[in-house]
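These are the residues of each chain, in order.
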Amino acid sequence: MLAGGHGRRAAVAAANGLGRARYATKASSSPFDVLDIRPVQRPDTAAYFMAKPKYADLLAGITSIVQQHGAAPAGEKGTSKKGARWINQENMAKKLDVKLTANEYMVLRERLNQANSADIEDATERDTVQLYLNQFRMGYQHVEVVKLAGSAGQSGADSGAASTSGVSDVTAANGATKEADKKKKKTHSHHGNMDELGRWFGGGRRKTAHAYAWLTPVEQPALTMESVSAAVDRVAESVNQALREAGLRPATSNEEPTAEAAAAVDESSLVPESVPFGEVLVNGRPLVEYFARRTDRESVVFPFQVANRLGKFYAFLKVRGGGPTGQAEACQLAVARALSAATDRSGRQAIKTAGLLITDGRAVERKKTGKPKARKSYTWVKR
């Protein structure tokens, strides 16, 4: 018979061995073998298990560039090169197809600044890093650079020159894109400008009304001494013809016309067939027909009166929203902005002095809860 202590230890060891054997027997029949199921292939990166894999991979890639080339830490002066402007948070979220918070965008921008300021000695690697970072720069447009295959004996210097030319092509494309962005900024409705059809364009708003104005100058023939003399001769001939038809003798240059001669002349014959004038159309309708009140019509044409350009432009207006007063004042602002760009310096200064280029931001105050209007209160009753 075994001793007490040794016997208990032997019994425990035998029981453990039996348990291990049973576990090994169960493990041999795996459910993957029974159901013929194989586990899914392991993900390429650890970011697969994160909430935003694309953002995590991008941040890890930029961080590796910073760690490899030893960029200065974030927040230190001089870490970012001058002119490094990255796309905003909204465009970055669209590019990565994820929803970025302000803190995540700030961290990503700091990493981009560090990678941009990295001191890379190798020119080829530095160009590669800059081309990679260019996709996050503001106003960048991707240009595919195709390098033709050279001879087998092409030297490394030639390949380096081709790489440099490719970078210069991308830089030139970026410069052209920036120039296009500058032109786009200049063509803003808040400042009058000329569109592609040669019309002066301006926009304005008042209360809930928005208006847009297009101005085209009235084509007036140039006045010369010959044209003025011919016009005077035509008018004199018309007067003499009317006098002859009435049985009266035409007056000479030294005689004063009599009352009978003046009554015999038809004034309509003295008016030219086509008189230059500036027509104002609002939503395809004449100004008098669209705005019934005289004060509204005066508001629309007031910039022309201030700049002394009444009747010298055709005005085509489109307006929506609001009531008659709001639409009239929105049209006034749109016309003033377009006219300020179409006139000379004196007319522009007159419009600016009259305060016609400033948006009137006043609007109806919103109704408050528990009150019948914005400020009005119900009558207080004690009992």
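Residues numbered from 1 in each chain as written. Predicted model: local features only at pLDDT ≥ 70, side-chain atom pairs only at ≥ 80, totals over all residues. Heavy atoms only, no water.

Per an unreviewed UniProt entry, the chain goes by the name 37S ribosomal protein S9, mitochondrial and belongs to Coemansia biformis. What UniProt records for the chain under Sequence similarities (unreviewed entry) is the sentence "Belongs to the universal ribosomal protein uS9 family." (UniProt positions renumbered as here; feature names shortened; annotations may be inferred.)

Section: the overall build of the chain
In terms of regular secondary structure, the chain is built from 13 helices and six strands. Burial statistics for the chain: of 383 residues in total, 25% are counted as buried. Here the chain displays about 27,200 Å² of accessible surface, and carbon together with sulfur accounts for 55% of that area. (Helix = DSSP H or I, 4+ residues; strand = E, 2+ residues; numbered from the N terminus. Buried < 20%, exposed > 50% of the residue type's maximum accessible area, 1.4 Å probe, protein only. Areas by Shrake-Rupley, 256 points an atom, 1.4 Å probe, with all protein chains shown as cover.)

Some remarks on the nonpolar core
What tends to happen in soluble globular proteins is that the nonpolar side chains get buried as a cluster. Formed by 26 residues in total, the largest nonpolar core has its most connected members in Val300, Phe304 and Leu317. At the level of secondary structure, the elements contributing two or more residues to this core comprise β3 (209–217), β4 (280–282), α11 (294–306), β6 (313–320) and α12 (324–342). With eight residues, the single largest contributor to this core is α12. With 23 residues, the next largest nonpolar core counts Tyr55, Ile87, Ala93 and Val98 among its residues. (Core = buried A, V, L, I, M, F, W, Y, C linked by side-chain atoms within 4.5 Å.)

Details of the pairing of strand β2 (residues 200–206)
Across the seven residues of β2, five count as buried, placing the element largely inside the fold. The pairing of strand β1 (residues 193–194) with β2 spans two bridges and is antiparallel. Note that in β2 the partner of asparagine 193 across the bridge is phenylalanine 201. Between β1 and the antiparallel strand that follows it, β2, lie five residues; glycine 198 among them carries a positive phi value of about 85°. Sheet analysis places β2 next to β3, joined by seven bridges and oriented antiparallel. Within β3, the residue paired with glycine 202 across the bridge is alanine 213. Connecting β2 to the antiparallel partner β3 that follows it, the hairpin turn spans two residues, and lysine 207 within it adopts a positive phi of roughly 55°. (Pairing = 2+ DSSP bridges.)

Some points on the sheet that holds β1
With mixed pairing, the six strands of this open sheet are ordered in space as β1-β2-β3-β6-β4-β5. The sheet is open, and its two edges are formed by β1 and β5 (285–286), each paired on a single side. Taken together, the three bridges between β4 and β6 define a ladder with parallel strand orientation. What sits directly across from valine 280, in β6, is alanine 315. Here α12 sits on the sheet and contacts β1, β2, β3 and β6; the angle it forms with β2, its principal contact strand, is near 150°. (Contact = heavy atoms within 4.5 Å. Axes fitted to C-alpha atoms, helices over the stretch in contact; angles between N-to-C directions.)

A word on the packing of aromatic side chains
Within this structure, the stated rule accounts for four aromatic pairs. Ring centres of phenylalanine 201 and tyrosine 212 lie 6.1 Å apart, and the angle between their planes is 5°; this geometry places the pair in the stacked category. Placement of phenylalanine 201 in strand β2 and of tyrosine 212 in strand β3 is noted, with a sequence separation of eleven residues between them. With a centroid separation of 5.3 Å and an interplanar angle of 40°, the aromatic rings of phenylalanine 201 and tryptophan 214 are classed as tilted. Of this pair, phenylalanine 201 sits in strand β2 while tryptophan 214 sits in strand β3, and the two are 13 residues apart along the sequence. (Phe/Tyr/Trp six-rings, centres within 6.5 Å; stacked < 30°, edge-to-face > 60°.)

Re the packing of α11 against α12
Close contact between α11 and α12 brings their axes to 8 Å; oriented N to C, the two are set at 10°. For the element pair α11 / α12, the angle class is roughly parallel. Judged by residue contacts, Asp296, Ser299, Val300, Phe302, Pro303 and Phe304 of α11 engage Pro324, Thr325, Ala328, Cys331, Gln332, Val335, Ala336 and Leu339 from α12. (Parallel < 35°, antiparallel > 145°, perpendicular 65-115°, else oblique.)

Section: the packing of helix α5 (residues 102–116) against helix α6 (residues 123–134)
Across the interface, α5 lies against α6 with an axial gap of 10 Å and an inter-helix angle of 155°. In this view, α5 runs roughly antiparallel relative to α6, as classed from their interaxial angle. The crossing of α5 and α6 is left-handed. Between α5, through Leu112, Ala115 and Asn116, and α6, the contact on the second element is made entirely by Val129, Gln130 and Leu133. Each residue belonging to the contact of α5 with α6 can be placed in one class, and the counts come to four nonpolar, two polar and no charged. (Left-handed = near helix turned anticlockwise from the far one by under 90°. Nonpolar A, V, L, I, M, F, W, Y, C, P; charged D, E, K, R; others polar.)

Details of α11
Here α11 contains 13 residues, and its C-alpha end-to-end distance of 18 Å stays within 8% of the 18 Å for a straight helix at 1.5 Å per residue. On its buried face, α11 is in contact with β3, β4, α10 (287–290), β6, α12 and α13 (345–353). Positive phi appears at asparagine 308, one or two residues downstream of α11, with a value of about 60°. (Expected span 1.5 Å × (residues − 1).)

Points about helix α3 (residues 53–69)
Residue pairs three or four apart in sequence face the same way in an α-helix, which turns once every 3.6 residues. Taking 1.5 Å of rise per residue, 17 residues should cover 24 Å, and α3 covers 25 Å from first to last C-alpha, within 8% of that figure. Where α3 is concerned, the buried positions are Tyr55, Ala56, Leu58, Leu59, Ile62, Thr63, Ile65, Val66 and His69.

Concerning the pattern of salt bridges
With the rule as written, the count across this model stands at twelve salt bridges. One salt bridge in this structure joins arginine 293 and aspartate 296, with 3.2 Å as the shortest N-O distance. Of the residues examined, arginine 293 reaches a relative accessible area of 44% and is grouped as partly exposed. Classification of aspartate 296 as buried rests on a relative accessible area of 5%. (Salt bridge = Lys/Arg side-chain N within 4 Å of Asp/Glu carboxyl O.)

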